[in-house]
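Examination of the molecular architecture
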Amino acid sequence: MKEQLRTLIEQALDRLRSAGTLPADASAAFVLERTKSREHGDFATNAALALAKPARTNPRALAQALVAALAPNALVEKVEIAGPGFINFFLGPAAYHQETRRVLDEGVRYGCNTTAAGRRTQVEFVSANPTGPLHIGHGRAAAVGDCLARALAASGAEVTREFYYNDAGVQIENLARSTQARAKGSKPGAADWPADAYNGDYIGDVAEAYLRGDRVEFENHVVTGAKNPDDIDAIRQFAVAYLRREQNADLAAFGVKFDVYFLESSLYGDGKVEETVRELVKHGHTYEEGGALWLRTTDFGDDKDRVMRKSDGTFTYFLPDVAYHLSKWQRGYQRAITELGADHHGSLARVKAGLQALDMGIPKDYPEYVLHQMVTVMRGGEEVKISKRAGSYVTLRDLIDEVGRDATRFFLIARKSDSQMVFDIDLARSQSNDNPVYYIQYAHARVCSVLRQLDERGLKWNRDNGLAKLARLDNEHESALMVEISRYPEVVEAAALNLEPHLIASYLRELANALHAYYHAHQFIVDDADLRDARVALAVAAQQALANGLDLLGVSAPEQM
RNA sequence: GCGCCCGUAGCUCAGCUGGAUAGAGCAUCAGCUUCCGAAGCUGAGGGUCGGGGGUUCGAAUCCCUCCGGGCGCGCCA
């Protein structure tokens, strides 16, 4: 709908250019947007305001010329010039009838676009180390990353979801030692308890399972507890397997599936780390100092140079990170989007600097990134402190169990990811009207209910007749709902383009509101068959948009509540 | 100290690639069910968009500065 209008305007601008009203090189960066108020029509553009200067004329005059150059279009009922030179487009009912038909024709595909068509895109998110259960912050990462992936896929991208984890570093040693201490009967606080150990109760569970000889399956691996508390290698393997399995189960329960699990250790195994060092040295952005090998990241905007190989010969985390992102590029992802906590923001600048230093033609904005801010958890009116070492924190599993998958996902996705948010567990779990997810789901279920009613009354909805009789829908609520529905494709596109999945959540609330209001104002199931068919057609279109939008959020669209 | 993010109604948050009277939910108050599900609808009150400058025809939005909060700034990950 919007695209058609935009094309119309572009064509008119071309005419003005060839007529000499506009200079041939006048750039056409103008905005076409939905109006806030219907008094200003359906869409407005600032094209005349934006192009007045290069045209060396005043905006109102240019607006008039532009309007005069517009080709007649069946969808546009009226065009007005307003204020300093806005051009307001009033669409006729036919435009919305066409759109409503499109919704029913396209079904689950309604709202898809091609703005990212054919681009091999990788979204990396969560990427938690296997040293403990996932907490609410990972939940936010999972919700944001997964919704982004869905929105990008709906925009035509070929999306791969990837989870990267460290399976070999210092923290894993720490995990192994913690588990071993537990297996030997020590506990946090005891004299022989390791200083930096993980104190959570789950370590005890891992140790017990190990001593029992439990069999753990995950990602095509099978690991069996060796029972021997002195075998640190076996303990390490088992603990990683155990926690990976738990994390995967939590993510599955959250409705998130990954295509690729990438192990940091593989970067050493296949020589990628060495290759990265070699390339960096070769391109001359490194130097040795104090026995360490440094990368001159300051050449690429970092505020200080970074050590890549420590004087003891081991690598800092920074180098495998670069090697990992290099592998993304080499695996053919034209776009890589990294979703991570804002506390890791600094590492991104380094990774990007590292990629540039490789001098391999990797774009400067590779990878793109989306940051999420911290989540404060409230329970019983008090903040729940998150501390992995202390072992007291709200796990993602707790939330899914207490709050439900749908509400948890919705809450975590509904806020812009780069603002901090408060997650009030009591509020989220309340099955009341405080809870926006139910409001939206209810709107969907409500249409299902109408369809059931139709059936119970022995009335058949004639889809084609309904679409043919859309002209019968002429009240305010009906036109408002048609407008809301027609916005859906624009919202999907904006969410994918700006990497802002929360837009979908806000939109769905507005769509649900339009549906609820309509439902209350008018009876859908009326005796007049034409009117009934038409109203049900509109309701079903709304249902489809709701279902499609909820699907992008990974939230279910129930047929009844 | 430096960098990034944030500061919008009592509370939780949208709006931010500049646009027309600043929005929603909750909370408060007042209404709405002989009727397809009231997990709903309608209405009211509530704002120096943290403060101050600047750019512009136009600023919640861009720039500067100050205040207040968060997170980073290791030969830790």
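See the structure shown above.
First, a word on scope: everything that follows refers to the structure included in this document. (Residues numbered from 1 in each chain as written. Chains lettered and ligands numbered in written order. Predicted model: local features only at pLDDT ≥ 70, side-chain atom pairs only at ≥ 80, totals over all residues. Heavy atoms only, no water.)

1. Here we look at the sheet that holds strand β4 (residues 86–91)
Taken in spatial order, the four strands make up an open sheet running β1-β2-β4-β3, and their pairing is antiparallel. Taken across any chain shown, the strands that pair with only one partner, and hence form the sheet edges, are β1 (32–34) and β3 (76–82). Pairs of neighbouring strands in the sheet enclose a mean axial angle of 25°, with direction left out of account. Two elements, β3 and β4, share six bridges in a ladder whose sense is antiparallel. When the bridges of β4 are listed, E80 appears paired with N88. Strands β1, β2 (43–45), β3 and β4 of the sheet are contacted by helix α1 (residues 2–18), whose axis makes an angle of about 145° with β1. (Pairing = 2+ DSSP bridges. Helix = DSSP H or I, 4+ residues; strand = E, 2+ residues; numbered from the N terminus. Axes fitted to C-alpha atoms, helices over the stretch in contact; angles between N-to-C directions. Contact = heavy atoms within 4.5 Å.)

2. Some points on unusual backbone geometry
Backbone torsion omega between Y366 and P367 reads -5°, so that peptide bond is classified as cis. The residue N220 is not glycine, and still its phi comes out positive at about 70°. With a phi close to 55°, L499 is a non-glycine residue in the positive phi region. Within the fold, L499 resides in the loop between α18 (476–497) and α19 (502–521).

3. A few points about the pairing of strand β14 (residues 368–372)
With five bridges connecting them, strand β13 (residues 335–341) and β14 associate as parallel partners. Within β14, the position partnered with G341 by the bridge is H372.

4. As for the nonpolar core
Formed by 140 residues in total, the largest nonpolar core has its most connected members in V126, F423, L481, I485, L508 and L553. The element that contributes the greatest number of residues to this core is helix α20 (residues 529–553), accounting for 14 residues. Here L553 is in contact with C147, R409, F410, I413, P501, I504, A505 and L508, once residues within four sequence places are set aside. By size, the runner-up hydrophobic cluster in this structure holds 24 residues, among which are L319, L326, V351 and A357. (Core = buried A, V, L, I, M, F, W, Y, C linked by side-chain atoms within 4.5 Å. Buried < 20%, exposed > 50% of the residue type's maximum accessible area, 1.4 Å probe, protein only.)

5. Notes on the state of the cysteines
In the structure shown here, the tally under the stated rule is zero disulfides. The thiol sulfur of C112 is not disulfide-bonded, and the nearest other cysteine sulfur, from C147, lies at 15 Å. (Disulfide = S-S within 2.5 Å.)

6. Some thoughts on the environment of G185
As for its placement among the helices and strands, G185 is situated in the loop between α6 (170–183) and α7 (201–212). Among the residues examined, G185 registers a relative accessible area of 61% and is labelled exposed. Note: C-alpha distance between G185 and W329 (144 residues apart in sequence) is 47 Å.

7. Structural notes on the pairing of β13
By the criterion of burial, β13 is predominantly enclosed, with seven of the seven residues buried. Relative to β13, strand β5 (residues 120–124) is paired through four bridges, and the arrangement is parallel. Across the sheet, residue E124 finds its bridge partner in β13, namely T338. Read from β13 through helix α12 (residues 345–357) to β14, the crossover connection turns out right-handed. (Right-handed = clockwise from strand over helix to strand, strands pointing away.)

8. As for the packing of α6 against α7
It is the contact of α6 with α7, at a shortest axis distance of 8 Å, that shows an interaxial angle of 70°. If you check the angle between α6 and α7, you find them roughly perpendicular. Crossing geometry of α6 relative to α7 is assigned as right-handed. Here α6 contributes L175, S178, T179, R182 and A183 to the contact with α7, which in turn contributes D201, I203, G204, V206, A207 and L211. In the contact of α6 with α7, the residues fall into six nonpolar, three polar and two charged. (Parallel < 35°, antiparallel > 145°, perpendicular 65-115°, else oblique. Left-handed = near helix turned anticlockwise from the far one by under 90°. Nonpolar A, V, L, I, M, F, W, Y, C, P; charged D, E, K, R; others polar.)

9. Comments concerning the protein's contact with RNA strand B
Taken together, 63 residues lie near RNA strand B, and K36, Y439, Y442, R446 and Y519 sit nearest. A distance of 2.7 Å separates a base nitrogen of RNA strand B from a polar side-chain atom of N88. A distance of 2.7 Å is found between a phosphate oxygen of RNA strand B and a side-chain nitrogen or oxygen belonging to K304. With nine residues, the single largest contributor to the surface near RNA strand B is α19. Among the residues forming the surface near RNA strand B, the class breakdown is 23 nonpolar, 27 polar and 13 charged. (Near = heavy atom within 4 Å. Polar contact = N/O pair within 3.5 Å; in protein donor to acceptor, adjacent residues only side chain to side chain.)

10. Thoughts on the packing of aromatic side chains
Using the criterion set out here, one finds 18 aromatic pairs in the structure. For the pair Y210 and F238, a centre-to-centre distance of 5.5 Å together with 65° between the ring planes defines the contact as edge-to-face. Of this pair, Y210 sits in helix α7 while F238 sits in helix α8 (residues 232–253), and the two are 28 residues apart along the sequence. Side by side, Y210 and F238 carry an identical accessibility label, which is buried. Three or more aromatic residues joined by ring pairs form one cluster here, namely F125, F163, Y165, F258 and Y261. In this arrangement the basic side chain of R6 is found over the ring face of F30, its NZ or CZ atom lying 4.7 Å from the centre. (Phe/Tyr/Trp six-rings, centres within 6.5 Å; stacked < 30°, edge-to-face > 60°. Lys NZ or Arg CZ within 6 Å of the ring centre and 35° of its normal.)

11. What about the pattern of salt bridges?
Under the defined criterion, the tally for this structure stands at 37 salt bridges. When the shortest N-O distance is used, the salt bridge between R215 and E217 registers 3.1 Å. Accessibility expressed as a relative area gives 53% for R215, which makes it exposed. The class for E217 is partly exposed, based on a relative accessible area of 47%. One salt-bridge network, in which partners are shared between bridges, spans D146, R150, R161, R409 and D551. (Salt bridge = Lys/Arg side-chain N within 4 Å of Asp/Glu carboxyl O.)

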